[in-house]
Amino acid sequence: MAPGGVVRIIVPDAERFVKAYASNDSELWRQLGWDMADLPPDIYTPMHVVNHVFHQGGEHLFAYDFETMKWVLRQAGFATIARQSFGVSSDPGLAIDQENHRPYSLYVEAIK
């Protein structure tokens, strides 16, 4: 990536899922898009939800919070790293976020 280049990374926000799991707070789960009183037939427990989110059929191999993502990006040589919001980007061409991922996603941008 050229100096000044921007990367936008969107992953499930591990911090929010861990807080929901640890607190067993049904409202926190609802904010993440999960109704713990009405789970899909192939999801059985709160920990099953956590595992489902962080594996997503092999799409994900690791759970990230902002602190961990920031560390990884620093190790990769990025100088400026910022948490972003849904639909907000320092490069408007990168703000092509999908509404269905909005409730539970971590949005991070980094500049080389």
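Residues numbered from 1 in each chain as written. Predicted model: local features only at pLDDT ≥ 70, side-chain atom pairs only at ≥ 80, totals over all residues. Heavy atoms only, no water.

Engineer: How would you sum up helix H4 (residues 66-75)? Please name residues and give values.
Structural biologist: The set of residues buried in H4 consists of Phe66, Met69 and Leu73. An end-on view of H4 places all buried positions within 65° of arc, on one side of the element. Facing away from the buried surface of H4 by more than 90 degrees, the exposed residues are Glu67, Trp71 and Gln75. Here the buried face of H4 lies against strand S1 (6-12), strand S2 (80-84) and strand S3 (105-111). One or two steps after H4, the chain reaches Gly77, where phi turns positive at roughly 95°. (Buried < 20%, exposed > 50% of the residue type's maximum accessible area, 1.4 Å probe, protein only. Helix = DSSP H or I, 4+ residues; strand = E, 2+ residues; numbered from the N terminus. Arc of directions from axis to C-beta. Contact = heavy atoms within 4.5 Å.)

Engineer: Hey, could you go over the nonpolar core for me, with residue numbers and the actual values?
Structural biologist: Grouped together as the largest cluster of nonpolar side chains are 13 residues, with contacts concentrated most on Phe17, Trp29, Leu32, Trp34, Val49, Val53 and Phe54. Looking at this core, the elements that each hand over two or more residues are helix H1 (14-23) and helix H3 (46-55). The element contributing the most residues to this core is H3, with 4 residues. When neighbours within four sequence positions are excluded, Val49 is seen to be in contact with Trp29, Trp34, Met36, Leu39 and Ile43. Among the nonpolar cores identified, the runner-up in size contains 9 residues, and Phe66, Met69, Leu73 and Phe78 belong to it. (Core = buried A, V, L, I, M, F, W, Y, C linked by side-chain atoms within 4.5 Å.)

Engineer: An account of H1 is needed here, citing residue identities and associated values.
Structural biologist: Taken together, the buried positions of H1 are occupied by Ala14, Phe17 and Ala20. Axial view of H1: buried residues confined to an arc of 130°, hence all on one face. Among the exposed residues of H1, those pointing more than 90 degrees away from its buried face are Val18 and Ala22. Within two residues after H1, Asn24 carries a phi angle of roughly 55°, on the positive side.

Engineer: Could you give me a rundown of the pairing of S3, with the residues and numbers involved?
Structural biologist: Within S3, 6 of the 7 residues are buried, which leaves it mostly tucked inside the rest of the structure. As paired strands, S1 and S3 are joined by 7 bridges and run antiparallel to one another. By the bridge assignment for S3, Arg8 is matched with Glu109. (Pairing = 2+ DSSP bridges.)

Engineer: Account for the packing of H1 against H3, with residues named and values stated.
Structural biologist: A pair of packed helices can be characterised by two numbers: the angle between their axes and the separation between those axes. Two elements in contact, H1 and H3, have axes separated by 10 Å at closest approach and are oriented at 170°. Classed by the angle they form, the pair H1 and H3 counts as roughly antiparallel. Here Ala14, Phe17 and Tyr21 of H1 come into contact with H3, specifically with Pro46, Met47, Val50, Val53 and Phe54. Along the lines of polarity and charge, the residues of the contact of H1 with H3 split into 8 nonpolar, no polar and no charged. (Axes fitted to C-alpha atoms, helices over the stretch in contact; angles between N-to-C directions. Parallel < 35°, antiparallel > 145°, perpendicular 65-115°, else oblique. Nonpolar A, V, L, I, M, F, W, Y, C, P; charged D, E, K, R; others polar.)

Engineer: Let's hear about the packing of aromatic side chains: which residues, and what values?
Structural biologist: For the coordinates displayed, the defined rule picks out 5 aromatic pairs. Residues Phe17 and Phe54 carry aromatic rings whose centres are separated by 5.6 Å and whose planes lie at 80° to one another, so their mutual orientation is edge-to-face. Of this pair, Phe17 sits in helix H1 while Phe54 sits in helix H3, placing them 37 residues apart in sequence. Residues Phe17 and Phe54 agree in their burial class; the two are buried. Within the aromatic cluster, the residues linked to one another by ring pairs are Phe17, Trp29, Phe54 and Tyr104. (Phe/Tyr/Trp six-rings, centres within 6.5 Å; stacked < 30°, edge-to-face > 60°.)

In short, shape yes, function no, at least from these values alone.
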